[in-house]
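# Analysis of the macromolecular model
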Amino acid sequence: MKLKELLAGLEILSANLDLETEVSGVSYDSRTVRPGDLFVALSGYTVDGHRFIPQALAAGAAAVLCQTPPEGEIPWVRVRDSRRALAVAGANFFGHPAKAMTMVGITGTNGKTTTTYLLKAILEARGETVGLIGTNQNMIGQEILPTERTTPESFELQMLLARMRDAGCTYVVMEVSSHALVLDRVYGVPYKVGVFTNLTQDHLDFHQTMEAYCDAKAVLFRSCETGVVNAADPWTPRLLNGSTCKVITFSSGWGNGAGEGHASKPLGGKDCKENSVSSTDDSRALKAKSPLPRSGNTCKGETLSGIGTADLWSRDAVLEADHVAFTAVCGGVQVPVRVNIPGRFMIDNALDVLGAALALGIPLEESAAVLARVPHVKGRVEVVPTPGKDYTVLIDYAHSPDSLENVLTTVKGFAKGRTIVLFGCGGDRDKSKRPKMGRVAAGAADLVIVTTDNPRTERPADIIAGILPGLEGSETPYEVVEDRVEAIHWAMDHARAGDVIVLCGKGHETYQEVGHEKRHMDEREIVAEYL
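Below, the structure is looked at part by part. Because the structure is a prediction, the values reported are computed rather than measured.

Calculation rules
- Residues numbered from 1 in each chain as written.
- Predicted model: local features only at pLDDT ≥ 70, side-chain atom pairs only at ≥ 80, totals over all residues.
- Heavy atoms only, no water.
- Helix = DSSP H or I, 4+ residues; strand = E, 2+ residues; numbered from the N terminus.
- Expected span 1.5 Å × (residues − 1).
- Buried < 20%, exposed > 50% of the residue type's maximum accessible area, 1.4 Å probe, protein only.
- Core = buried A, V, L, I, M, F, W, Y, C linked by side-chain atoms within 4.5 Å.
- Contact = heavy atoms within 4.5 Å.
- Pairing = 2+ DSSP bridges.
- Axes fitted to C-alpha atoms, helices over the stretch in contact; angles between N-to-C directions.
- Polar contact = N/O pair within 3.5 Å; in protein donor to acceptor, adjacent residues only side chain to side chain.
- Salt bridge = Lys/Arg side-chain N within 4 Å of Asp/Glu carboxyl O.
- Parallel < 35°, antiparallel > 145°, perpendicular 65-115°, else oblique.
- Left-handed = near helix turned anticlockwise from the far one by under 90°.
- Nonpolar A, V, L, I, M, F, W, Y, C, P; charged D, E, K, R; others polar.

The next point concerns helix α13 (residues 433-444). End to end, α13 covers 16 Å across twelve residues, agreeing with the expected 16 Å (1.5 Å per residue, within 8%). Regarding α13, the residues found buried are Lys-433, Arg-434, Met-437, Gly-438, Val-440, Ala-441, Ala-442 and Ala-444.

Right, let's talk about the nonpolar core for a bit. Membership of the largest hydrophobic core comes to 74 residues, with the highest contact counts inside it found for Leu-312, Val-339, Leu-354, Leu-371, Val-421 and Phe-423. Excluding anything up to four places from it in sequence, Leu-312 contacts Thr-249, Phe-250, Ser-251, Ala-328, Val-329, Cys-330, Leu-351, Leu-354, Gly-355, Leu-358 and Leu-364. Core analysis: the second largest hydrophobic core is formed by 33 residues, Ala-98, Leu-145, Tyr-191 and Val-247 among them.

If you trace the six strands from one edge of the open sheet to the other, you get β19-β20-β24-β21-β22-β23, paired in mixed fashion. Taken across any chain shown, the strands that pair with only one partner, and hence form the sheet edges, are β19 (382-384) and β23 (478-480). Taken over all neighbouring pairs, the strand axes of this sheet differ in orientation by 20° on average, direction set aside. Pairing between strand β21 (residues 419-423) and strand β24 (residues 500-504): four bridges, direction parallel. Following the sheet pairing, Thr-419 is matched in β24 by Val-500. Sitting on the sheet, α13 touches β21 and β22 (447-450), and the angle it makes with β21 is about 165°.

We now examine the side chain of Lys-120. Counting through the fold element by element, Lys-120 comes out in helix α4 (residues 112-125). There is a polar contact of 2.9 Å between the side chain of Lys-120 and the backbone oxygen of Gly-141. The residues contacting Lys-120, other than those within four sequence positions of it, are Val-130, Leu-132, Met-139, Gly-141, Gln-142 and Val-173.

If you check the backbone angles, Asp-184 has positive phi at about 60° while not being a glycine. With respect to the helices and strands, Asp-184 occurs in the loop between α6 (178-182) and β11 (191-196).

This part is about the pairing of strand β16 (residues 312-319). It is a general feature of regular strands that their side chains alternate between the two faces of the sheet. Strand direction decides the pairing type here: strand β13 (residues 246-251) and β16, joined by two bridges, are parallel. If you follow Ser-251 over to β16, its bridge partner there is Trp-313. Note: β16 against strand β17 (residues 324-330), five bridges, orientation antiparallel. Paired with Arg-315 across the bridge in β17 is Thr-327. In textbook terms, the turn of a hairpin is the stretch between consecutive antiparallel strands, and for β16 and β17 this stretch comprises four residues.

Turning our eyes to something else, we now look at the sheet that holds β13. In space, the eleven strands of this open sheet follow the order β9-β8-β7-β10-β6-β11-β12-β13-β16-β17-β18, with mixed pairing throughout. Across the chains shown, the open sheet's two edge strands, defined by having one partner strand only, are β9 (143-145) and β18 (333-339). Looking at each pair of strands side by side, their axes are set apart by 20° on average, direction ignored. Across the sheet, helix α11 (residues 364-371) touches β16, β17 and β18, and the angle it forms with β18 is around 15°.

Before going further, it helps to examine the pairing of strand β7 (residues 130-133). Alternating positions in β7 separate into two faces, Val-130 and Leu-132 on one and Gly-131 and Ile-133 on the other, with burial throughout. Examined bridge by bridge, β7 and strand β10 (residues 171-175) share four bridges and lie parallel to one another. Note on β10: the bridge partner recorded for Leu-132 is Val-173. Relative to strand β8 (residues 138-140), β7 runs antiparallel, the two sharing two bridges. Residue Gly-131 lies in a different strand from β8, and its bridge partner there is Ile-140.

Time to look at the pattern of salt bridges. Applying the stated criterion across every chain, the model contains 24 salt bridges. Between Glu-225 and Lys-192 there is a salt bridge; the shortest N-O distance is 3.2 Å. Here Lys-192 lies in strand β11 and Glu-225 lies in strand β12 (residues 224-230), a separation of 33 residues in the sequence. The partner of Asp-316 in a salt bridge is Arg-315, and the shortest N-O contact between them spans 3.3 Å. Here Asp-316 falls in the exposed class, since its relative accessible area comes to 53%.

Next up on the list: the environment of Ile-488. Locating Ile-488 in the fold gives a position in helix α15 (residues 484-494). For the pair Ile-488 and Leu-503, spaced 15 residues apart in sequence, the C-alpha to C-alpha distance is 7.9 Å. Excluding its chain neighbours within four sequence positions, the residues that come into contact with Ile-488 are Leu-422, Leu-503, Glu-523, Ile-526 and Val-527.

Packing of α15 against helix α16 (residues 523-530) brings their axes to within 10 Å, and their N-to-C directions diverge by 50°. Regarding the angle of α15 to α16, the classification is oblique. Between α15 and α16 lies a crossing of right-handed hand. Residues Arg-484, Val-485, Ile-488, His-489, Met-492 and Asp-493 of α15 form the contact with α16, whose own contacting residues are Glu-523, Ile-526, Val-527 and Tyr-530. Taken together, the residues of the contact of α15 with α16 break down into six nonpolar, one polar and three charged.

Read these as layout, nothing more, since geometry by itself doesn't imply function.
As C-alpha cells, then:
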C-alpha cells in the first residue's frame, strides 16, 4: 500500500519522503517491526515511542510516522497526533471494516460485559452473525479469541474488525473502556448505538478525577448516532453535555438517587412496537428524581427542579436467588422480563440492553423473550459447584466499591447463612479505593477475608495495608490471608451450613498478575481441588 493511501484523511504537517513510497505493514512496537513496515512512534503516558525509532529502522522499517522528526537520514512523516494517526492508518489498511457492520459500543464502570453478552444473544436469535469485543474474551460468532485488554489498541482493533467482517459478521457489540476513548483506540469508529451503564469510582490512577473519568466516557456520545443512557445516574447530564446523538434514556427507579416513576407517553411520541428513537427534545416517558435535563438536541447540564425524564423504565421488580424479574415499560407497551442473573443491579443491565435493542429496531417483546433464555455470564455472580457441601461458593468480577456493594447486597438478599466475602485490590491501580472497599465489605458482609488480587509490581502486604483502615472500627470480623489460594481454603474451612462465600475481583480471569507475569490461577479449579 502506498503511504498516501495508508495516511488518507490525515493532516500531514511535513515529510521528507515521497508519499508514493510503498509500505507492507504497520507497527507501533519496535519489537514487532518487519521489513517494509511503517513504524508509528506513539507518545505514551509512560514510554515515548520516539525513543525506539533506531530499533525500528534496524528491523527494516521503511518509514517513521511521528510527532517529532528524528535526527539523521531517516524517512519520516510528521503528524499532529500519532495515536489518532495510528487509528486512521489501521482503518485505511484494513479497508474500513467497521463501516461494513453495525457497531454498538458499551461504556460505563460496571455492567459492560453482561450487556455485550445479552445484546449478542438477542441479535443472534434474529439470525445475525455477531462479533463481540470485551473483557472476558473476543468472539467471532461462536469462535472464542483470547483478549489482553478490554478494548484493543487501534491497529489490532481494526485487524479484529476486519476478521469479523470477513467472517460474515453483521453486528459488533463491544466494550469501550475509558482508557480506549482517551487513548484514541476507537477513534473514527462509526457507532450506530452507544450505551452508558453507570459511573462510579474506578481507574482514578489513570484519570485522577471523577470529572475526567466521566469526560472520557462522554467521547463515545460524540461519535454514535443514538445514545442509550442511564437517566438515574448523576453523571449523565455531564456525559451528554455537547453530545450530538439522539438519546434513549432508561431508569430502574432505584439507586443513584432515582425514585419511582410513571409513564406518560411513548418513546418519541410513538408506540414502542414501532421501535422509534427519540431525540433529546421529544422524549417524555418517565419522570424520575435524578435529573436528565434537555435543551434542543443536546443535554446542556441545567437542573430542572430535580425532575428528569426517561423513555424506558421498570416496575414490579422481583429479586430471587437465581434471577431477577420485572415489567419493562415503554410508553404504552408493558413487557414482563426475566434475566437469569441475580441482583437488583441486573435490572439496570437488562434495561440498557432493551434500550440498545430498541435503538436497533428490535421490539421489547422479542428482546425479553431472548433474555429469559440466556444462561449465566462467566464470572458474574457465577455459582461454583460444591457437591456434598452445605454452603455455596460464588465468583464475581467486582473490583470497585460500587460493584462490591452491589454483589454483596444481592447475596445478602438470599443467603440463608452468613455472607462471606473474599477480596483484594489490584496493584499499580487507584489506591484511594482500597479503604473504601474495606468499608463496603465490612458494612455488607458478615465475615471478611482480605487477600491478594493482582499485585502486579506492588507488595501484596502493602496493598492489604491500604484496605485495612476501612475495616477498622467495624464490628464485622475479618481475617487477613495474603496468599489467595490459602485464603480460599480458609474460607471453605470456616464456612457453615447456609453460608455463601463470594470470591470477588477475579471473575472470568484464570490468572494472577505477579510482577509482569501472568500466572495460572482459576478459582473454579482451586475450589474443586480442595473439596
